[in-house]
Amino acid sequence: MGLAISLIVTVLEILNGFLNTDKELIKMAKTFNANKLQVLIKIVIPANINTFFNSLKVNIGLSLVGVITGEFLVSKAGLRILNRIWWAGISIRLSNDRSHYFSSSCSSHL
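From a predicted model like this one, the values you see are computed outputs, not experimental measurements.

Caption draft 1: Quick peek at the packing of helix 2 (residues 23–31) against helix 3 (residues 36–47). Between helix 2 and helix 3, the shortest axis-to-axis distance is 10 Å and the interhelical angle comes to 145°. Helix 2 and helix 3 meet at a crossing whose hand is right-handed. Counted together, Leu25, Ile26 and Ala29 of helix 2 and Val39, Ile43 and Val44 of helix 3 form the full contact between these two elements.

The following block contains the structure:
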């Protein structure tokens, strides 16, 4: 799930960066008889290193959100069970706190 979320975003960001590479640099390389592989390795990839790392930074967060969401939705153990135990404990504590509050407030008014 996390891979599916981050892979699409990363591919689109890198494609956008490749398409927005400076056209004058590519034209200059072709003037010096550079083939497509040389243009890619020497101009396009170095110009988009920052875009690549920035998209990875964003996608790490998206992947974590996707993995945690998937764990909550389909898991029979793990985070889903811990979540149920947590909320059950909170509701028990809240019900105990309220009953204690009401019983002590009622006895003090008698």
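Caption draft 2: Seen up close, the environment of Ala34. You can see Ala34 is positioned in the loop between helix 2 and helix 3. Taking the relative accessible area as the measure of exposure, Ala34 reaches 22% and is therefore partly exposed.

Caption draft 3: A look at a nonpolar patch on the surface. Together, Phe18, Leu37, Leu40, Ile41, Ile45, Ile49, Phe52, Phe53 and Leu56 line one region of the surface with nonpolar side chains, adding up to about 740 Å² of accessible area. Mapped onto the secondary structure, Phe18 falls in helix 1 (residues 2–19).

Caption draft 4: A look at the packing of aromatic side chains. Applying the stated criterion across every chain yields a total of one aromatic pair. When the centroid spacing of 5.6 Å and the interplanar angle of 65° are considered together, the rings of Phe52 and Phe53 count as edge-to-face. With a relative accessible area of 47%, Phe53 lands in the partly exposed category.

Caption draft 5: Spotlight on the side chain of Ser55. Residue placement: Ser55 occurs in helix 4 (residues 49–74). A distance of 2.8 Å separates a polar side-chain atom of Ser55 from the backbone oxygen of Phe52. Non-local contacts of Ser55, meaning those with residues more than four positions away in its chain, are made with Thr10, Glu13 and Ile14.

Rules of the game
- Residues numbered from 1 in each chain as written.
- Predicted model: local features only at pLDDT ≥ 70, side-chain atom pairs only at ≥ 80, totals over all residues.
- Heavy atoms only, no water.
- Axes fitted to C-alpha atoms, helices over the stretch in contact; angles between N-to-C directions.
- Helix = DSSP H or I, 4+ residues; strand = E, 2+ residues; numbered from the N terminus.
- Left-handed = near helix turned anticlockwise from the far one by under 90°.
- Contact = heavy atoms within 4.5 Å.
- Buried < 20%, exposed > 50% of the residue type's maximum accessible area, 1.4 Å probe, protein only.
- Patch = residues over 30% accessible without salt bridge, like charges linked within 9 Å, V, L, I, M, F, W, Y side chains within 5 Å.
- Areas by Shrake-Rupley, 256 points an atom, 1.4 Å probe, with all protein chains shown as cover.
- Salt bridge = Lys/Arg side-chain N within 4 Å of Asp/Glu carboxyl O.
- Phe/Tyr/Trp six-rings, centres within 6.5 Å; stacked < 30°, edge-to-face > 60°.
- Polar contact = N/O pair within 3.5 Å; in protein donor to acceptor, adjacent residues only side chain to side chain.

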